[in-house]
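Chains, contacts and geometry: an overview
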Amino acid sequence: MANSQRLASRRILIMATDGFEQSELETPLERLQAAGARVDIASLETGDITGWDGDDWGDDVEVDLKISDVKIADYAALVLPGGQINPDLLRVEEDAVALIRDFARADKPIAAICHAPWLLIEAGLAKGKRLTCYKSVRTDVINAGAEFVDEEVVVDGNIITSRCPDDLPAFCDAIIEAVAESRVAV
């Protein structure tokens, strides 16, 4: 099947807030759209959220809906960009953590990169899983009961993790593969 049609009729949610790593939101967004998926951005509030790019604030991204308004049945997968600020802000928001748990209960792919495994930890999804993450999050992952694996992408059941922006090609490929193989057609 042509790459531009692999995810036709699939809807994917990216959850982020201010301080997301610019490339870790934009690259999956572009790759998933190029594969035919419809991608929505959910955040704490509507309007725009601002990325972090290198050593300073990056570009704004328009939010499609509030996290509290997401209907899990509408989406085939969840993508969690990293950056240090973004997941740290989201992991204290009950609506964000509950949404991650709902995707896990529905056995839908959840992809987390860089610092975003903090969100998996907060949602209680790390224990017993094989995960990778940014090097400064490694101890948190281990302390949460996960097996840390230093690889560009790790897939354990419905959980997909990667370490950093350098891993984005493998991370995006794994998301596309997981959604394409999923029986969920939303």
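What counts, and at which threshold
- Throughout this description, residue numbers start from 1 for each chain and increase along the sequence as written.
- Residue-level local features of this predicted model are given only where pLDDT is at least 70; pairs of side-chain atoms are given and counted only at 80 or more, and the full residue set underlies all totals for whole chains, interfaces and linings.
- As a convention, hydrogens and water are excluded, and side-chain values are obtained from all of the structure's heavy atoms.
- What we call a nonpolar core is a set of buried Ala, Val, Leu, Ile, Met, Phe, Trp, Tyr and Cys residues that are connected through their side-chain atoms within 4.5 Å.
- Any residue under 20% of the maximum accessible area for its type is buried, any over 50% is exposed, and the rest in between are partly exposed; the area is computed with a 1.4 Å probe on protein chains only.
- Numbering of helices and strands runs from the N terminus; a helix is a DSSP stretch of H or I covering at least four residues, while a strand is a stretch of E covering at least two.
- In this description, contact between two residues means that some pair of their heavy atoms is separated by no more than 4.5 Å.
- Here the expected span of a helix is defined as 1.5 Å times the quantity of residues minus one.
- When DSSP finds at least two bridges between two strands, those strands are taken to pair.

Residues Leu-13, Met-15, Leu-78, Leu-80, Ile-100, Ile-110 and Leu-120 are the most contacted members of the largest nonpolar core, which totals 31 residues. Sorting the residues of this core by element identifies strand E1 (11–15), strand E7 (77–80), helix H3 (94–105), strand E8 (110–113) and helix H4 (117–122) as the ones contributing at least two each. Here this core gets 5 residues from one element, more than from any other, and that element is H3. Ignoring any residue separated from it by four or fewer positions in sequence, one finds Ile-100 in contact with Met-15, Leu-78, Leu-80, Ile-110, Leu-119, Leu-120, Ala-123 and Leu-125.

Let us look at unusual backbone geometry. The phi angle at Ser-9 is positive, at roughly 75°, despite the residue not being glycine. For Ser-9, a relative accessible area of 55% translates into the label exposed. Phi angles above zero are rare outside glycine, and Asp-107 is one such case at about 60°. Its location among the elements puts Asp-107 in the loop between H3 and E8. A residue is classified by how much of its surface remains accessible, and Asp-107, at 56% relative accessible area, is exposed.

Moving on: helix H6 (residues 168–181). Side chains three or four residues apart in an α-helix point the same way, a direct result of the helix having 3.6 residues per turn. Taking 1.5 Å per residue, 14 residues should reach 20 Å; H6 reaches 20 Å between its end C-alpha atoms and fits that length. Among all positions of H6, only Leu-168, Ala-170, Phe-171, Cys-172, Ala-174, Ile-175, Ile-176 and Val-179 are buried. Structurally, H6 contributes buried residues whose contacts are with E1, helix H1 (22–34), E7, E8, strand E11 (153–156) and strand E12 (159–162).

So, about the pairing of E12. Residues Ile-159 and Thr-161 line one face of E12 and the alternating positions Ile-160 and Ser-162 line the opposite face, and both faces are buried. Sheet analysis places E8 next to E12, joined by 4 bridges and oriented parallel. Looking at E12, one finds that Ala-111 is bridged to Ile-160. Here 4 bridges tie E11 to E12, and the two strands are oriented antiparallel to one another. Within E12, the residue paired with Val-153 across the bridge is Ser-162.

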